[in-house]
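Examination of the molecular architecture
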Amino acid sequence: MFEVCAFCGHKHLTPKNVSYRHQQGEELLIIDDAPCLQCNFCGEQYFDAAVLKAIEAEHAAIISQQKTPTGFKPVAMESFTAIYRY
Ligand SMILES: [Zn+2]
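Structural notes, computed from the coordinates. Remember, it's a predicted structure, so these values are computed and weren't measured experimentally.

Let us now look at the overall build of the protein. Along its length, the protein carries 2 helices and 3 strands. Reading the secondary structure of the protein in the N-to-C direction produces β-β-β-α-α. Taking 2.2 N^0.38 as the reference for a compact globule, 86 residues should give roughly 12 Å; the C-alpha atoms of the protein span a radius of gyration of 16 Å, well beyond that estimate. Taking the principal axes of the C-alpha coordinates as reference, the protein spans close to 45 × 40 × 20 Å. For the protein, the proportion of its 86 residues judged to be buried stands at 5%. The contacts in the protein between residues at least 6 apart in sequence include a share of 52% that link residues at least 24 apart.

Here we take up the pairing of strand β1 (residues 13–24). When you tally the buried positions in β1, you get 1 out of 12 residues, a small fraction of the element. Counted between consecutive antiparallel strands, the loop separating β1 from strand β2 (residues 27–39) contains 2 residues, among which glycine 25 sits at a positive phi close to 60°.

The rules behind the values
- Note on numbering: residues in each chain are counted from 1, in written sequence order.
- This being a predicted model, a pLDDT of at least 70 is required before a residue's local features are given, and a value of 80 or more before pairs of side-chain atoms are given or counted; all residues contribute to the totals for chains, interfaces and linings.
- Only DSSP runs of H or I with at least four residues qualify as helices, and only runs of E with at least two residues qualify as strands; both kinds are numbered from the N terminus onward.
- C-alpha atoms define the radius of gyration in this analysis, and the globule rule sets the expected value at 2.2 Å times the number of residues to the power 0.38.
- Burial in this document is a count-based property: other C-beta atoms within 10 Å of a residue's C-beta are tallied, and the residue is buried at 20 or more, exposed at 12 or fewer, or partly exposed in between, with C-beta positions derived from the backbone.
- For the purpose of contact definition, each residue receives a C-beta atom placed from its backbone, and two residues are in contact when these atoms lie within 7 Å.
- Strands qualify as paired when DSSP identifies two bridges or more between them.

By themselves, these observations are geometric and do not establish any function.
Here it is as structure tokens:
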């Protein structure tokens with residue numbers, strides 16, 4: 001596992017359970033309580049390869065309709081061109 005943050009070099013990484021967003025094409029899956037190590041300084045999150053593999057497999061099963069997710073959330077959408085005047 002990681003001992004220092006590859007992003008900022010900080011040495012204190014704390015185990016945490018976080019909400020992880022996995023995207024595959026247009027499909028988005030939010031996984032709650034995903035275990036990771038989080039940098040105390042910059043907030044960068046590090047996930048074990050086994051965790052990412054499990055999330056990927058779950059998402060693939062949902063996309064191919066072999067599994068049904070626990071729930072659905074409505075997601076707010078906006079186009080940047082609609083909110084910003086150049
Ligand atoms: Zn860091």
